[in-house]
Amino acid sequence: MLKLITALLLALLIALPLQAEETEEPRVFTWDELMPEDYTLSLSDLIGDSNFDPYNFDMIDDYSPEAERMMDNMLQVLASAPVRGELDGLMISIPGFVVPLEAEQTKVFRFFLVPYFGACIHVPPPPSNQIIDVHFEPGTEVENLWDAVWITGRLTTVTYRHDMGTAGYRLEAFQITPYDWDEAEEGEW
């Protein structure tokens, strides 16, 4: 009997933090708030040390060694964008677009959340501090990738690399709802 009571108490203690997580009031975030205030990204940062005039990009052959070097540098710079460590562990809500990573038909379990439609589908992807690796165990139905969603969950500063891009944050989601453009406030996105 003592073992049963101990097991029940342990189960209750483990379940309490999970319940608290879902009742904690999330902070609504914009994408700009995921970047450190002093973070800047210039064209010269992206193309690296190059003698090539950036105003003449149309003159470079896409398959030349110089173009490949510039693209490699750009992808490396974007994948290593700094995150805000002080956001680790916060409960947040943020709107964005879904880029499926793990799915069964139209039900998505793991995806990148990005600030604009088409991010990560086209090269180059956004900086890593503008990509969130979202986990949602029950999965969510995604019929149209161009439909924006609201995600609420616990944010952590965990890097995840995938062929589609590098996420600087992870979000353990507990709520996903459609984004209502009509109800959106000015400057919310």
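Everything in this summary refers to the structure shown in the same document. No experiment lies behind these values; they were computed from the predicted model shown. (Residues numbered from 1 in each chain as written. Predicted model: local features only at pLDDT ≥ 70, side-chain atom pairs only at ≥ 80, totals over all residues. Heavy atoms only, no water.)

To continue, consider the overall build of the chain. A count of helical and extended segments in the chain gives 3 helices and 8 strands. The burial tally for the chain puts 37% of its 189 residues in the buried class. Restricting the contact set of the chain to residue pairs at least 6 apart, pairs at least 24 apart contribute 69%. With an accessible surface of roughly 11,800 Å², the chain has 55% of that area assigned to carbon and sulfur atoms. (Helix = DSSP H or I, 4+ residues; strand = E, 2+ residues; numbered from the N terminus. Buried < 20%, exposed > 50% of the residue type's maximum accessible area, 1.4 Å probe, protein only. Contact = heavy atoms within 4.5 Å. Areas by Shrake-Rupley, 256 points an atom, 1.4 Å probe, with all protein chains shown as cover.)

Looking now at the nonpolar core. Core analysis: the largest hydrophobic core is formed by 21 residues, its most contacted members being Leu 34, Leu 113, Ile 132 and Ile 151. Elements represented by at least two residues in this core include exactly strand S2 (91-104), strand S3 (107-114), strand S4 (132-141), strand S5 (149-156) and strand S8 (169-178). The greatest single-element share of this core, amounting to 4 residues, is contributed by S8. Here Leu 113 is in contact with Trp 31, Ile 94, Pro 95, Gly 96, Phe 97, Gln 130, Ile 131, Ile 132, Val 134, Val 149 and Ile 151, once residues within four sequence places are set aside. Counting residues in each nonpolar core, the second largest holds 13 residues, with Val 114, Ala 119, Ile 131 and Ala 148 among its members. (Core = buried A, V, L, I, M, F, W, Y, C linked by side-chain atoms within 4.5 Å.)

Relative to the elements of secondary structure, Thr 177 occurs in strand S8. With 37 residues separating them in the primary sequence, Thr 177 and Thr 140 have C-alpha atoms 9.3 Å apart. Those residues in contact with Thr 177 that sit more than four places away from it in its chain are Val 149 and Trp 150.

It is worth spelling out the pattern of salt bridges at this point. Taken as a whole and assessed by the stated rule, the structure comprises 7 salt bridges. Two residues, Asp 133 and Arg 110, come together in a salt bridge whose shortest N-O distance is 2.8 Å. Taken together, the residues Asp 133 in strand S4 and Arg 110 in strand S3 connect sequence positions 23 residues apart. Grouping residues by exposure puts Asp 133 and Arg 110 together as buried. Judged by relative accessible area, which is 0%, Asp 133 ranks as buried. Connected via shared salt-bridge partners are Glu 102, Arg 110, Asp 133 and Arg 170. (Salt bridge = Lys/Arg side-chain N within 4 Å of Asp/Glu carboxyl O.)

This part takes up the environment of Leu 101. Inspection of the secondary structure puts Leu 101 in strand S2. Judged by its relative accessible area of 19%, Leu 101 falls in the buried class. In sequence terms Leu 101 and Phe 111 are 10 residues apart; their C-alpha atoms lie 4.7 Å from each other. Aside from chain neighbours lying at most four places away, what touches Leu 101 is Arg 110, Phe 111, Phe 112, Asp 133, Tyr 160, His 162 and Met 164.

To continue, consider the side chain of Thr 166. Secondary-structure assignment places Thr 166 in strand S7 (residues 165-167). We classify Thr 166 as buried; its relative accessible area is 10%. Ignoring sequence-local partners within four residues, the contact set of Thr 166 consists of Ala 79, Ser 128, Ile 131, Thr 159, Tyr 160 and Arg 161.

Moving on to a nonpolar patch on the surface. A cluster of nonpolar side chains, contributed by Met 71, Leu 75 and Val 123, occupies part of the molecular surface with about 240 Å² of accessible area. Here Val 123 is to be found in the loop between S3 and S4. According to the relative accessible area criterion, Val 123 is exposed, its value standing at 60%. (Patch = residues over 30% accessible without salt bridge, like charges linked within 9 Å, V, L, I, M, F, W, Y side chains within 5 Å.)

The next point concerns the packing of aromatic side chains. Within the structure shown, the criterion is met by 3 aromatic pairs. Seen in terms of ring centroids, Phe 97 and Phe 117 are 6.4 Å apart; in terms of plane orientation they differ by 70°. Their pairing is edge-to-face. Placement of Phe 97 in strand S2 and of Phe 117 in the loop between S3 and S4 is noted, with a sequence separation of 20 residues between them. The positively charged end of Arg 110 is found above the aromatic ring belonging to Tyr 160, 3.8 Å away from the centroid. (Phe/Tyr/Trp six-rings, centres within 6.5 Å; stacked < 30°, edge-to-face > 60°. Lys NZ or Arg CZ within 6 Å of the ring centre and 35° of its normal.)

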